[in-house]
Amino acid sequence: MSNDSSPRDRRSLIVLAWLWVGAPFAYGVYELVQKASRLFHG
Amino acid sequence: MSSPPVAPTGWSRWLVPPAALSVHLAIGQAYAWSVFKPPLESALHLDGTQSALPFQLAIVMLGLSAAFGGTLVERNGPRWAMTVALVCFSSGFLISALGAETEQYWLIVLGYGFVGGIGLGIGYISPVSTLIKWFPDRPGMATGIAIMGFGGGALIASPWSAQMLSSFGGDNDGIALAFLVHGLSYAVFMTLGVLLVRVPRPEDREKTASAPGAYEGVQVSARNAVRTPQFWCLWIVLCMNVTAGIGILEKAAPMITDFFADSSTPVSASAAAGFVALLSAANMAGRIGWSSTSDLIGRKNIYRVYLGVGALMYLLIAVLGDSSKPLFILCALVILSFYGGGFATVPAYLKDLFGTYEVGAIHGRLLTAWSLAGVLGPLIVNWIADHQKDAGKHGPALYTLSFGIMIGLLVIGFVANELVRPVHTRFHVPAPREAADVERQQSA
C-alpha cells in the first residue's frame, strides 16, 4: 500500500529485516519440531 | 516526551511487522524462564516457589504496565515504547547478572521481575496500534504476526538459554554470564524494531483505509472505552478463553500420562514432553492462522468458533478422550490453537469496536483479563486434580470436573461475545468537523 518511490532500496531492507527476525524464529521452530517428534517416537 | 516517527515517502508497510517481531520475539523469552529455575535453585539454595518469583512478578508487571502505560504509549508513539521496552527488558537481565554474581537473589527478582516486567508490558502493546494503522484492511493478520512472535520467543530462548547454561556452567558465575549475554543480545536484537518502526503519514493512512476490508469509522478514547459494556464483554471473552487454554497448558504432560496410564500404550515422559512441544506449536500457529481468518469471517464469528467449538472439544476429551489417543491430541491441539488465536485476534476486535484512536491503550487495559486468567486457570486445574487424587481417583477422572468447569467458562465467554454490539455514539470521539461545530455552538 505504500507509495514506493525507491522500491529497490526498500526491498533489500525488507529482506534484511525479515531475515533478522526469521533466522532465530526458524531455529526455534526447528528445535520445537525435534522435540515434538518425541511424541510419536518416544 | 517524543513525537512519533512518521514514515518518509516510499516507506513500505512490510517493514513494520519485522519491527514488531523483533520486540515480541525478544520479550517472549519470559515463557522460557523455567530453564533458569533448576540452576538457580542449586546455586542460590532456593525452593521451587522462590525460583518462580521473578517470572510471576514479571507477569504481574506485564499486566500492570500494559494497563497503566497504554496511554503513554499512544501519546509518545511506538519508537518511544520500543525504546522503553528495550531498556527495561535488557536492564532487567543486567541487574539479574549482578544479582547472580553477588548471590543477592532479591536483585534477580527486582531486575528480571520488576524492571524486566515493565519492559514486557510496554513491549507487548508497543506495536499493536501502529500495525493496525498500517494494515486497516488486514488488522487480524498484522497483529497475529506480532503476537505469534510472543509465543515464538520462548521457542528460541528455551534451547538457546539451556545451551548457554550448559556451556557456561550452572553455578552462580555461569548464570550471571548467561544473564549478561541475554541482556546484551536482546538489546541488539530489539534495536531493529526501534530503528525500523514508523507511523504512517496521513496520506498513507488514507490509501490503506480505502483498501477493501478497511473501515475506520468509529473512534473511542481509552477513557471512554472502559465505560462501555462492549469493553467488559470482551474482557470476559478474553479471560474465559485464556483460562480454558491455560487449563490444558498448565497440566499437559501429567494430563496425557494420566489419561493413558491404564491403556495398552502408556505415554512415556519423553513423549509427554513432545506433546507439550506440539501444543506450543498449535498455540503459535493459532495466533497467525485464526487471527488472519478473522479478517475474512469477522471478529464476532471467529470468537464464536473459539468459544463454541472450544467447549465442544473439551466435551469430547471429557467423554471420549481416554478411548483414543489421536482424538485426545487433536482436541487439545485445537483448544490451544484457539487459546493463541484469542490473544492475537483481540486487538483487531478492539479496533472494530473502538477504532484506531487509542486502540493500543485500550488493548493494554484489556490485558488485565490475562493477568486474572493466568491465576485462575492453573488454580482450577491444579486444585481440583489434587483434591480428586486425595479422594482416591486416578486417570481421566482426575480432570473430569476441571473440564466441566472449563466448558462452563467457555459458555459464559460465548454469551458475553453474543452481547457485543456497536458502541453507542455518546462514547465516540467527535470527528474534527463535528468537534468544530460543537465548539461553534458553544461559543455562540
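Position numbers for residues start from 1 in each chain and track the written sequence from start to end. Going through the entries in the order they are written, you letter the chains from A and number the ligands from 1. Predicted model: local features are reported for residues with pLDDT of at least 70 only, side-chain atom pairs are reported and counted for 80 or more only, and whole-chain, interface and lining totals are derived from all residues. Just so you know, side-chain values use all the structure's heavy atoms and leave hydrogens and water out.

As recorded by an unreviewed UniProt entry, chain B carries the name MFS transporter and is attributed to Streptomyces alanosinicus. Taken verbatim from the UniProt record of chain B, the Subcellular location (unreviewed entry) comment is "Cell membrane". UniProt positions are given in the numbering used here, feature names are shortened, and annotations may be inferred rather than shown by experiment.

S.K.: Is there a simple way to think about the overall build of chain B in this case?
M.R.: Numbering of helices and strands runs from the N terminus; a helix is a DSSP stretch of H or I covering at least four residues, while a strand is a stretch of E covering at least two. Each helix and strand counted, chain B has 18 helices and zero strands in total. By the compact-globule yardstick of 22 Å for 444 residues, chain B fits well, its C-alpha radius of gyration being 23 Å. With the C-alpha coordinates of chain B rotated into their principal frame, the extents come out at 80 × 50 × 35 Å. To sort residues, take the accessible area from a 1.4 Å probe on protein chains only and compare it with the maximum for the residue type: under 20% means buried, over 50% means exposed, and anything in between is partly exposed. Burial analysis of chain B (444 residues in total) assigns 57% to the buried set. A sequence separation of at least 24 residues applies to 84% of the contacts in chain B between residues at least 6 apart. The Shrake-Rupley method, run with a 1.4 Å probe, gives the accessible areas here. Residue values count only the displayed protein chains as cover. Taken as a whole, chain B presents about 16,800 Å² of accessible surface, with 66% of it coming from carbon and sulfur. Neither His nor the chain termini are counted; the positive set is Lys and Arg, and the negative set is Asp and Glu. A single reference atom marks each charge: NZ on Lys, CZ on Arg, CG on Asp, CD on Glu. Taking the 26 positively charged and 25 negatively charged side chains of chain B as two groups, their mean positions are separated by 11 Å. Here the globule rule is a power law, 2.2 Å times the number of residues to the power 0.38, and the radius of gyration is based on C-alpha atoms. Residue contacts follow a heavy-atom distance rule, with two residues in contact if any of their heavy atoms lie within 4.5 Å.

S.K.: Where do I start with helix α4 (residues 105-125) of chain B in this structure?
M.R.: Residues that lie three or four places apart on an α-helix share one face, since the helix turns once every 3.6 residues. All names here are of chain B. Across its 21 residues, α4 extends 29 Å between first and last C-alpha, which sits within 8% of the 30 Å expected from 1.5 Å per residue. The bend reported for a residue corresponds to the angle between axes fitted to the seven residues ending at that residue and the seven starting there. Its maximal kink placed at Gly-116, α4 deviates by approximately 35°. Counting buried positions over the 21 residues of α4 gives 17, a clear majority of the element. Expected helix span is taken as 1.5 Å per residue step, with the number of steps being one fewer than the number of residues.

S.K.: What am I meant to see in the pattern of salt bridges here?
M.R.: Opposite charge on two side chains permits pairing when their charged atoms draw close. All names here are of chain B. Here, a salt bridge means any side-chain nitrogen of Lys or Arg that lies within 4 Å of a carboxyl oxygen of Asp or Glu. A full pass over the atoms with the stated rule returns four salt bridges over all chains. Salt-bridge contacts for Arg-299 lead to Asp-352; the nearest nitrogen and oxygen are separated by 2.8 Å. Placement of the pair is Arg-299 in helix α13 (residues 299-320) and Asp-352 in helix α14 (residues 325-354), with a sequence separation of 53 residues. With relative accessibility at 9%, the residue Arg-299 sits in the buried group.

S.K.: Looking at this structure, how should I read the interface of chain B and chain A?
M.R.: For interface size, the figure often reported is the accessible area lost on association. At the interface, 42 residues of chain B touch 25 residues of chain A. With both sides pooled, the region where chain B packs onto chain A buries about 2,900 Å², and carbon together with sulfur makes up 76% of that total. Across the contact surface, chain B and chain A share zero salt bridges. Pairing of N or O atoms within 3.5 Å defines a polar contact, subject to two protein rules: one partner must be a possible hydrogen donor and the other a possible acceptor, and residues neighboring in sequence count only if both atoms are side-chain atoms. Summed over the shared surface of chain B and chain A, the number is four residue pairs in polar contact (both at pLDDT 80 or more). Elements with a minimum of two residues in the side of chain B that touches chain A: α1 (16-27), α6 (139-168), α7 (172-196), α8 (202-209) and α12 (269-297) of chain B. Defined in terms of a 1.4 Å probe, buried area is the accessible area two parts forfeit on being brought together, summed over both.

S.K.: Hey, could you run me through the layout of surface pockets in this one?
M.R.: Where empty space is left in the structure can be found by rolling a water-sized probe over the atoms. Reported here for the largest pocket is a volume of approximately 1,600 Å³. Cavities and pockets are defined on a 1 Å grid built over the protein atoms alone: a cavity is a set of grid points where a 1.4 Å probe fits but cannot escape, while a pocket is an open set with protein on both sides within 12 Å along at least five of seven lines, and lining residues are those with an atom within 4 Å of any such point. Considering the residues around the largest pocket, the lining is formed by 42 residues, among which Tyr31(B), Ala32(B), Ser34(B), Phe55(B) and Leu249(B) are closest to the centre. Put simply, the parts of the chain that give the lining of the largest pocket at least two residues each are α1 (7-36) of chain A together with α3 (48-101), α6, α10 (229-249), α12 and α16 (368-390) of chain B. Those domain boundaries reflect an automatic or database domain assignment. Both domains that meet at the lining of the largest pocket, namely domain 1 (13-209) and domain 2 (222-427) of chain B, each give it at least three residues. Grid points are joined across faces, edges and corners, and a volume is the space filled by probe spheres set on the points.

S.K.: I tried to follow empty space enclosed by the protein on my own but got confused; where do I start?
M.R.: Residue and element names in this part refer to chain B. Scanning all chains against the criterion turns up two cavities of 30 Å³ or more. Lining the largest cavity, in full, are Asn-241, Ala-244, Gly-245, Tyr-306, Gly-310, Tyr-314, Ile-335, Phe-338, Tyr-339 and Leu-410. For the lining of the largest cavity, the secondary-structure elements that each account for two or more residues are α10, α13 and α14. In the lining of the largest cavity, the residues fall into seven nonpolar, three polar and no charged. Throughout this entry, Asp, Glu, Lys and Arg are counted as charged residues, while Ala, Val, Leu, Ile, Met, Phe, Trp, Tyr, Cys and Pro are counted as nonpolar. The remaining residues, Gly among them, count as polar.

S.K.: How should the domain arrangement of chain B be read in this particular structure?
M.R.: Residues and elements named next belong to chain B. Under the domain assignment used here, chain B contains domain 1 (13-209) and domain 2 (222-427). Look at where the C-alpha atoms of domain 1 and domain 2 centre, and you get two points 23 Å apart. If you look at the interface, domain 1 gives 29 residues, while domain 2 gives 27 residues. Buried surface at the junction of domain 1 and domain 2, both sides included, amounts to about 2,300 Å², of which 68% is carbon and sulfur. Scanning the region where domain 1 abuts domain 2 turns up zero salt bridges. Connecting domain 1 to domain 2 are eleven residue pairs in polar contact (both at pLDDT 80 or more). Of all the secondary structure elements, the ones that give two or more residues to the side of domain 1 that touches domain 2 are α3, α4, α5 (128-134) and α6. The element that contributes the greatest number of residues to the side of domain 1 that touches domain 2 is α6, accounting for twelve residues.

S.K.: How should I be thinking about a nonpolar patch on the surface in this particular structure?
M.R.: Residue and element names in this part refer to chain B. A residue counts toward a patch only above 30% relative accessible area and without a salt bridge, and it is joined to like-charged neighbours within 9 Å or, for Val, Leu, Ile, Met, Phe, Trp and Tyr, to nonpolar neighbours within 5 Å. Among the surface-exposed residues, Leu-94, Phe-168, Leu-177, Leu-180 and Leu-184 lie close enough to one another that they form a single nonpolar patch of about 390 Å² accessible area. Looking at the nonpolar patch element by element, the count peaks at three residues for α7. Tracing the sequence through the fold places Leu-177 in helix α7. Looking at Leu-177, the relative accessible area reads 37%, which means it is partly exposed.

S.K.: Before we go on, may I ask you to explain the packing of α6(B) against α14(B) in this structure?
M.R.: The description of two packed helices rests on the angle between their axes and on the distance between the axes. Residue and element names in this part refer to chain B. Axis angles are defined between N-to-C directions and span 0 to 180 degrees, where every axis is a line fitted to C-alpha atoms and, for a helix, only to the segment in contact. Relative orientation of the contacting elements α6 and α14 amounts to 140°, with a least axis distance of 8 Å. Judged by the inter-axis angle, α6 sits oblique to α14. Like other packed secondary-structure pairs, α6 and α14 cross with a definite hand, here right-handed. Contacts between α6 and α14 involve Pro-139, Gly-140, Thr-143, Gly-144 and Ile-147 from the first element and Phe-343, Ala-344, Pro-347, Ala-348 and Lys-351 from the second. Should an angle fall under 35 degrees it is called roughly parallel, over 145 degrees roughly antiparallel, and 65 to 115 degrees roughly perpendicular, with every other angle called oblique. A crossing counts as left-handed when the near helix is turned anticlockwise from the far one by less than a right angle, and as right-handed when that turn is clockwise.

S.K.: What is the right way to look at α10(B) in this model?
M.R.: Between its terminal C-alpha atoms α10(B) stretches 30 Å, which fits the 30 Å expected from 21 residues at 1.5 Å a residue. Of all the 21 residues making up α10(B), 17 are buried; the element is thus mostly covered by neighbouring parts of the structure.

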